[in-house]
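Now for the letters of each chain:
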Amino acid sequence: MRIEEAKVPEELINYIREKGITELYPPQEQAILAGLLEGKSLVVSSPTASGKTLLALMAAYLKAKQGRKVVYLAPLRALASEKYAEFSELGRFGIRTSISTGDYDSSGESLGRSDIIVLTNERFDSVMRHRVAWINTVGLFIADEVHLAGSDSRGPTLEMILTKVLHLGIDAQLLALSATISNAKTLGEWLHATPVEMDWRPVPLREGVYDYGRVLFTDGEERQVPRSTYGSPIDVAMETIKEGGQALVFANTRRRAVSLATRAAELTQKRLSPEEKKAVSEASRRILGAGEETSLSRLLAEVVAKGSAFHHAGLEGEHRRIVEEYYRARAIKLLAATPTLAAGVNLPARRVVIADMTRYDVEQGGNAEISVLEYRQMAGRAGRPQFDDHGETVMVPPPSQPAADFLEHYTKEPPEPIRSRLADEAAMRSHTLATIATARGLSKADLDSLFGKTLLAMQVRPAELTRMTEKALGYLLSERLLESQGGLFYATDFGLRVSMLYIDPVTAVMFRDGVRRAEPGKGYTAGLLHLVASTPDFEPKFPLRSKDYEEAMAFLEEHAQEMLQRHTTKEFADYDRVLQDMRSVMALHGWVDEWREEQLLSRLGVEPGDMHRAVDNADWLLHALVELGRLFKAPDVLKQADTLRRRVSSGVSAELLELTNLSGVGRVRARALYSAGFKTLEDIKEAPADKLASVEKVGTAVARKIKDQVSKY
Ligand SMILES: Nc1ncnc2c1ncn2[C@@H]1O[C@H](COP(=O)(O)OP(=O)(O)OP(=O)(O)O)[C@@H](O)[C@H]1O
Ligand SMILES: [Mg+2]
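Within the open sheet, the eight strands sit side by side as 10-9-8-17-14-11-13-12. Their pairing is mixed. The sheet terminates laterally at strand 10 (222-224) and strand 12 (308-311), the two strands that pair on one side only. With direction set aside, neighbouring strand axes in the sheet form an average angle of 20 degrees.

Here you go:
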């Protein structure tokens, strides 16, 4: 079908043609025939890179032109940003797009000024809890990567927001998108949407398996791969690189990604053209110049300079972005990554190598074979249409196992069906509270009716579902987040605030009890950090390693007087459980004590990317603690918590907080200025600019920027 045949206004057709698109891909055509442009709800299941975004874009354009709002839901911030950039291009037609991915405690009312609103699933959940008025004017909900409804960590939120959207009673279109659903019919039934399924790829994908010095492909072809001492995944990757392609290697742990990239670098460095050499040394310099230097960033810079890189969540965000940029520009030849990279972002790879076919599985407490769904998501990174004209995926199973079986299983079996994860206790209590708090009064029958519309309700027996909601209600009533009156449940002030703050009710109860234990006039820094780090909302957690035990016990003893939870001393049975949280507490404590990232890494094994996430999370939780604390009247400890929140946010001692208020002054510069005698904004105001510029790590440009800011005081 030619693009002109789609029933959309000419200006949109011209715009799509400008992007170089003249023919619709078959899955796109099928979705249009199924009624996409007439407002029909659809569950589109078609392979990676088959153009699902264009469907979303066309439907969004039409709705916006009808004066209805469009909500685009993405599972990850990076994906939300990518889509925000794409939808913003509709600005030329007077369609306004905005994005919101954080700040769960703000209402989001102002987002209603836009026509298209891009949000993460969690942010949209929080917006609904604030009962924003614009929700009732939404005419199209787009749920991207909808298979994540089946993921244990964030699936329940997606499931609940989609259920509520259907329950709102507004006449909105729903467009659910994924590359990996095998039970599209069930999903369609749940979402009142027509399933559109098509197994078609714009760029042919060849799938193969490595077996003792050769790769066997599904089409019967066999290719010899020269064996070296670098190991099979690298041998397989290098074969493509020698032919001028790039390889993306998936590893099952961070350590493995690092070791694969480090080894491969010795080979890729011989494959770089002079221009590529220039580009990678520039990338390497940029890595060393961005953020704090650690042994990890030094290693990354060294490997990148040789044309390889590793990519995982332990890296600083800026370092990850630099790696992606130079990999996209084709200067970096081999990228060894953990599977988080597989979710939705667009990167080139002639060949994807799956170096490990097993992954640590929490439920099984050991390594388990990856799912077909995971395999498909990783394999789908190969051969993105705008980068390569064909793609290849090669899996590398353990040598002891029959390679052909792997090929058969992963390429022939459909991905596992999406199963609800809402049966999780934490998810049930949070969403039960949120539902009642948002409704401002709800009967048990209303609640059952809502939960009766979830995917979970289609997959468990009714009695089981009732047992779960009753358990959640029991907890919420006993902790006084809810009360019941005249046959209706209401959220208490406490419950309302908890729902809006977007925290687990258990976290809230821990905060309430902890704050009540505080005595006026005492210091609680370590205790507040412990309170935060031990809640179910804190992530990432840094579990205690055996070598940390002694230090953790000493830390706890030293700070015994500051603890706000019970049972933190040795004579109690749960002392060991308390100790488990201590590595997280020590990391946060080190951070506000101005430990450098290198110190956190070498002493506690905490990688920079994780530290930054823990810091953002602790910042949000301390905010929640202060807000909740107002209900429990403990002004003294709340003031401390507020100062501590600012210290966590900047990573500094209290004495530097005045300086870190300045833009351009982070923890390192603030300390340098302070040590040089510039301790307050007043000091800076009085200092001559050249004096400031001569301070270590400051320089003329920053000095000028700082002076400009203080002159306004
Ligand atoms: N009809 C078309 N003709 C040519 N190129 C197209 C067409 N439709 C989409 N594309 C291009 O295909 C690329 C991949 O599309 P898109 O990002 O929508 O993939 P997707 O189906 O969402 O895959 P994933 O499941 O991996 O997210 C984009 O660069 C897009 O511009
Ligand atoms: Mg997509």
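We now examine the site of ligand 1. Around ligand 1, 17 residues are found, and the nearest of them are T48, G51, K52, T53 and A179. Looking at the shell around ligand 1, the element that brings in the most residues is helix 3 (residues 52-65), giving three residues. Of the residues in the shell around ligand 1, the class split is seven nonpolar, eight polar and two charged. Each of domain 1 (3-197) and domain 2 (205-412) accounts for three or more of the residues forming the shell around ligand 1.

Another aspect to go through is the packing of helix 20 (residues 505-517) against helix 26 (residues 608-632). Where helix 20 meets helix 26, the axes come as close as 10 Å, and the angle between the chain directions of the two elements is 60 degrees. Classed by the angle they form, the pair helix 20 and helix 26 counts as oblique. The interaxial crossing formed by helix 20 with helix 26 has right-handed handedness. Each of A508, F511, R512, V515 and R516 in helix 20 lies in contact with helix 26, whose residues at this interface are L625, L628, G629 and F632. In the contact of helix 20 with helix 26, the residues fall into six nonpolar, one polar and two charged.

With that settled, consider the domain arrangement of the protein. Annotation of the protein at the domain level lists domain 1 (3-197), domain 2 (205-412), domain 3 (425-501), domain 4 (505-651) and domain 5 (657-710). Spacing between the C-alpha centres of domain 1 and domain 3 amounts to 28 Å. Sorting the residues of the side of domain 1 that touches domain 3 by element identifies helix 5 (121-129), helix 6 (155-167) and helix 7 (184-191) as the ones contributing at least two each. It is helix 6 that contributes the most residues to the side of domain 1 that touches domain 3, six residues altogether.

Quick look at the sheet that holds strand 3 (residues 97-100) now. Strands sit in the order 3-4-2-5-6-1-7 across an open sheet of seven strands; the sheet is parallel. Edge positions in the open sheet fall to strand 3 and strand 7 (194-197), since each of these has one partner strand only. Geometrically, the sheet is characterised by an average inter-axis angle of 15 degrees between neighbouring strands, direction not taken into account. Relative to strand 4 (residues 116-120), helix 5 is tilted by about 110 degrees, and along the sheet it contacts strand 2 (69-74), strand 3 and strand 4.

About the cut-offs
Residues numbered from 1 in each chain as written. Chains lettered and ligands numbered in written order. Predicted model: local features only at pLDDT ≥ 70, side-chain atom pairs only at ≥ 80, totals over all residues. Pairing = 2+ DSSP bridges. Helix = DSSP H or I, 4+ residues; strand = E, 2+ residues; numbered from the N terminus. Axes fitted to C-alpha atoms, helices over the stretch in contact; angles between N-to-C directions. Near = placed C-beta within 6 Å. Nonpolar A, V, L, I, M, F, W, Y, C, P; charged D, E, K, R; others polar. Domains from an automatic or database assignment. Parallel < 35°, antiparallel > 145°, perpendicular 65-115°, else oblique. Left-handed = near helix turned anticlockwise from the far one by under 90°. Contact = placed C-beta atoms within 7 Å.

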